[in-house]
Amino acid sequence: MQRRAQREQPGRAKRLTRVLVCAAAVPVMLIAAGCSSDSGSGDGGDKGADASASKSASPSPTVQAAAYQRLPEACGVLSKKTLEDLAPKAKSGKQGGSDDVSTRASCSWSSLDNNGVKGSQFRWLNVSLLRFDSDITRGAGDKLAREYYTKQVRDARSAEGAKGTRAVPLAGTGDEATTVSYDLKKKEGTFKQQTVVARVENVVVTLDYNGAGLAGDKTPDAGYLLKDAQKAAREAVASVTKANGTGAASGSPSAAAPVKPSGSGSKPSRPASKSASGKS
């Protein structure tokens, strides 16, 4: 019996060893399986989903659309009566060059009342209109117009050769307006220059008016010229508002739809070039 038990012990030991080895292998397989499962549903997929959700949640940039979308015909912004008062000898207006009359336009009138040896009275009148569209990169149209308005007033005040320059705010003409007056002395005589810069919504109106007595005729009164220029500027501003209809005349930019970025991009408005011809 003792010998039989001794013979069976090696066999039992081998079977016990195999059971222990298999039992130890089970946790290792479970751990490996767990790691493999984690890596399959790991951060990579979640991060991608989060990034996609964050991107779709970001709002597209917008800018308030400009209130005014068109300009009136430049040579028609002033009434016949006003033109007869300011430029009585002008036969017709001369329209300025523009590649887009809905964005920028201008018209000028020259008047020479020639009295021969008794002298002559000269008048020159010019109206420039510049409209700014809202642009996603540059900003709202009225903001761009305010910047240009400020520049126009600054340029008028620093005109070369100007003497006795005086700038005064003008009420009742668009959203904001300024008159700039000065003298220009030339060999022909002394020219009394009056410039009115006005902004209404996203449009800037610049009116230049000057007069001189030539060949010994008396110099015109600057005060009268200024009143005429202010009257004409108000009329030009009213023409801009009228051209855009009653809805735009309320002056409420909040009613306009926002502008969103487009693939082609918007073409910014270009400032109107001030013609040197005819302006003395």
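Our structure's up above, just so we're on the same page.
Residues numbered from 1 in each chain as written. Predicted model: local features only at pLDDT ≥ 70, side-chain atom pairs only at ≥ 80, totals over all residues. Heavy atoms only, no water.

So, about the overall build of the protein chain. Along its length, the protein chain carries 6 helices and 9 strands. The buried share among the 280 residues of the protein chain stands at 36%. Relative to all contacts within the protein chain whose residues are 6 or more apart in sequence, the contacts with residues 24 or more apart total 64%. Here the protein chain displays about 16,500 Å² of accessible surface, and carbon together with sulfur accounts for 54% of that area. (Helix = DSSP H or I, 4+ residues; strand = E, 2+ residues; numbered from the N terminus. Buried < 20%, exposed > 50% of the residue type's maximum accessible area, 1.4 Å probe, protein only. Contact = heavy atoms within 4.5 Å. Areas by Shrake-Rupley, 256 points an atom, 1.4 Å probe, with all protein chains shown as cover.)

Our next topic: the packing of aromatic side chains. Taken as a whole and assessed by the stated rule, the structure comprises 2 aromatic pairs. An angle of 80° between the planes, with centres 6.2 Å apart, marks the rings of F122 and F191 as edge-to-face. Of this pair, F122 sits in strand β4 (residues 120–131) while F191 is found in strand β7 (residues 189–200), placing the two residues 69 residues apart along the sequence. Each ring, one from F132 and one from Y148, has its centre 5.6 Å from the other, and the planes form 55°; the classification is tilted. With a gap of 16 residues between them, F132 in the loop between β4 and α4 (141–157) and Y148 in helix α4 connect regions that are remote in the sequence. The burial state of F132 is the same as that of Y148; both residues are buried. (Phe/Tyr/Trp six-rings, centres within 6.5 Å; stacked < 30°, edge-to-face > 60°.)

Right, let's get into the nonpolar core. One finds L78, W109, L125, V127, L129 and V205 to be the most contacted residues of the largest nonpolar core, which totals 31 residues. Among the elements of the structure, α3 (80–86), β3 (104–114), β4, β7, β8 (203–214) and α5 (222–243) are those that each provide at least two residues to this core. Among the elements that take part in this core, α5 stands out by supplying 7 residues, more than any other. (Core = buried A, V, L, I, M, F, W, Y, C linked by side-chain atoms within 4.5 Å.)

So, about the sheet that holds strand β2 (residues 94–95). As summarised here, the arrangement of the 7 strands in space is β2-β3-β4-β8-β7-β6-β5, forming an open sheet in which the pairing is antiparallel. Two strands lie at the open edges of the sheet, namely β2 and β5 (163–169), each paired on one side alone. Strand contacts of α5: β4, β6 (176–186), β7 and β8, with the helix running at about 30° to β7, the strand carrying the most contacts. (Pairing = 2+ DSSP bridges. Axes fitted to C-alpha atoms, helices over the stretch in contact; angles between N-to-C directions.)

Turning our attention to α4. Its 17 residues place the ends of α4 25 Å apart at the C-alpha level, agreeing with the 24 Å of an ideal helix rising 1.5 Å per residue. Within α4 the residues assigned to the buried category are G141, L144, A145, Y148, Y149, Q152, V153 and A156. In this structure, the buried side of α4 is in contact with β4, β6, β7 and β8. (Expected span 1.5 Å × (residues − 1).)

As a further point, take α5. In this model α5 runs 31 Å from its N-terminal to its C-terminal C-alpha over 22 residues, within 8% of the 32 Å that 1.5 Å per residue would give. Turning to α5, its buried residues number three or more, namely L225, L226, A229, Q230, A232, A233, A236, V237, S239, V240 and T241. Phi for G245, located one or two positions after α5, is positive at around 85°.

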